[in-house]
Amino acid sequence: IDLVRKFSKDQKIDLDYALLEYFYSFNRDNDLDFTLPFESTVEQNLPDGLGGDVGEGFTCTGLVRAPDNSGFWIANDGRNVDGDVTYQPSLVKTDLTGATKLSEINLLTPYPSATSVQGVDIASDGTFWIASLGEGKVRHMSAAGVDLADGFDLANVNGLAIDTSRSKLLTGVSTTISRRDMDGANPSNLVTGLTDLDQLSYIPELDWFMASYGANG
């Protein structure tokens, strides 16, 4: 463990990621079942966002840390009740506690037909890639909220992350994770066996992606 702490400090890697890699390697080399060696749960009431009731926050459907570490950008489904047919989707920026709203981009401005939005990630140039589930599209938007017109169609897309090591997009649909070109072409598919695949996140320090899954509720 001390070696892992030193490695993570020297390489500027989050300690939890380094511990995860250490325990995974140990379990793999010794033919042990792999289980997470730690658990962390943080609860935080969200500030209000478009489409939510006053004082009730908003429906968080995707999240990415800002590259400059100034906060989180959170995808807002834009509904306050599951099953509602009225949407006001947005991207909400909060501080790192999640308690204070710093800014918000109304996604109906660049995408008037948007309904439910899900996964979100930020490219090295500061632009947003967004899984627009309701439209069946992957959207590419500037930091100022302007459509860059180089997204692509992808039915039922939910999870999304940028594989920065390969300059590829990771997309999640149903039970399948795909690594594809940034224009959506040449998908390489991994059928995960997971049901109701939800969000994706890429960890460049380990060259891992992580996925969440499960039905709402």
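Here, every reference points to the structure presented above.
In short, a report on the structure. It should be emphasised that the depicted structure is a prediction, and the values quoted were computed from it without experimental measurement.

Conventions adopted
- Residues numbered from 1 in each chain as written.
- Predicted model: local features only at pLDDT ≥ 70, side-chain atom pairs only at ≥ 80, totals over all residues.
- Heavy atoms only, no water.
- Helix = DSSP H or I, 4+ residues; strand = E, 2+ residues; numbered from the N terminus.
- Buried < 20%, exposed > 50% of the residue type's maximum accessible area, 1.4 Å probe, protein only.
- Contact = heavy atoms within 4.5 Å.
- Areas by Shrake-Rupley, 256 points an atom, 1.4 Å probe, with all protein chains shown as cover.
- Core = buried A, V, L, I, M, F, W, Y, C linked by side-chain atoms within 4.5 Å.
- Phe/Tyr/Trp six-rings, centres within 6.5 Å; stacked < 30°, edge-to-face > 60°.
- Pairing = 2+ DSSP bridges.
- Axes fitted to C-alpha atoms, helices over the stretch in contact; angles between N-to-C directions.
- Salt bridge = Lys/Arg side-chain N within 4 Å of Asp/Glu carboxyl O.

So, the overall build of the chain
Along the backbone of the chain there are two helices and 14 strands. Looking at the 217 residues of the chain, the share that counts as buried comes to 40%. At a minimum sequence separation of 6, the contacts of the chain that also span at least 24 residues come to 36%. For the chain, the accessible area works out to roughly 12,100 Å², and carbon and sulfur atoms hold 49% of it.

Description of the nonpolar core
The biggest cluster of nonpolar side chains holds 15 residues, and the ones touching the most others in it are Trp73, Leu91, Phe128, Ile130 and Met141. Elements that contribute at least two residues to this core include exactly β2 (72-76), β5 (120-122) and β6 (128-132). When neighbours within four sequence positions are excluded, Trp73 is seen to be in contact with Gly62, Leu63, Val64, Ala66, Leu91, Val92, Lys93, Ser103, Ile105, Val120, Ile122 and Phe128. Counting 10 residues, the second-largest nonpolar core is a separate cluster that includes Ala131, Val138, Phe152 and Val157.

Describing the packing of aromatic side chains
Considering all chains together, one arrives at one aromatic pair under this definition. Ring geometry for Trp73 and Phe128: centres 5.0 Å apart, planes at 75 degrees, overall edge-to-face. With Trp73 in strand β2 and Phe128 in strand β6, this pair connects stretches of sequence that are 55 residues apart.

What to know about the sheet that holds strand β1 (residues 60-65)
On the basis of which strands lie adjacent, the open sheet formed by four strands has the order β1-β2-β3-β4 and antiparallel pairing. Pairing within the sheet leaves two strands with one partner each, and these edge strands are β1 and β4 (101-106). Between one strand axis and the next, the sheet turns through 20 degrees on average, direction left out of account. Sheet analysis places β1 next to β2, joined by five bridges and oriented antiparallel. In the sheet register, Arg65 faces β2, and the bridge partner there is Phe72.

Section: the sheet that holds β5
Strand order across the open sheet formed by four strands is β5-β6-β7-β8, with antiparallel pairing between neighbours. With one partner strand each, in any of the chains shown, β5 and β8 (152-153) form the two edges of the open sheet.

Let's talk about the pattern of salt bridges
Taken as a whole, this structure holds eight salt bridges when the rule is applied. A salt bridge links Asp163 to Arg166; the shortest N-O distance between them is 2.8 Å. With relative accessibility at 0%, the residue Asp163 sits in the buried group. The class for Arg166 is partly exposed, based on a relative accessible area of 36%. The salt bridge involving Lys168 is made with Asp181; its shortest N-O contact spans 2.4 Å. In this pair, Lys168 sits in strand β10 (residues 168-173) while Asp181 sits in the loop between β11 (176-180) and β12 (188-191), placing the two residues 13 residues apart along the sequence. Lys168 gets classed as partly exposed once you look at its relative accessible area, which sits at 24%. Taken together, the shared-partner salt bridges connect Asp163, Arg166, Arg179 and Asp207 into one network.

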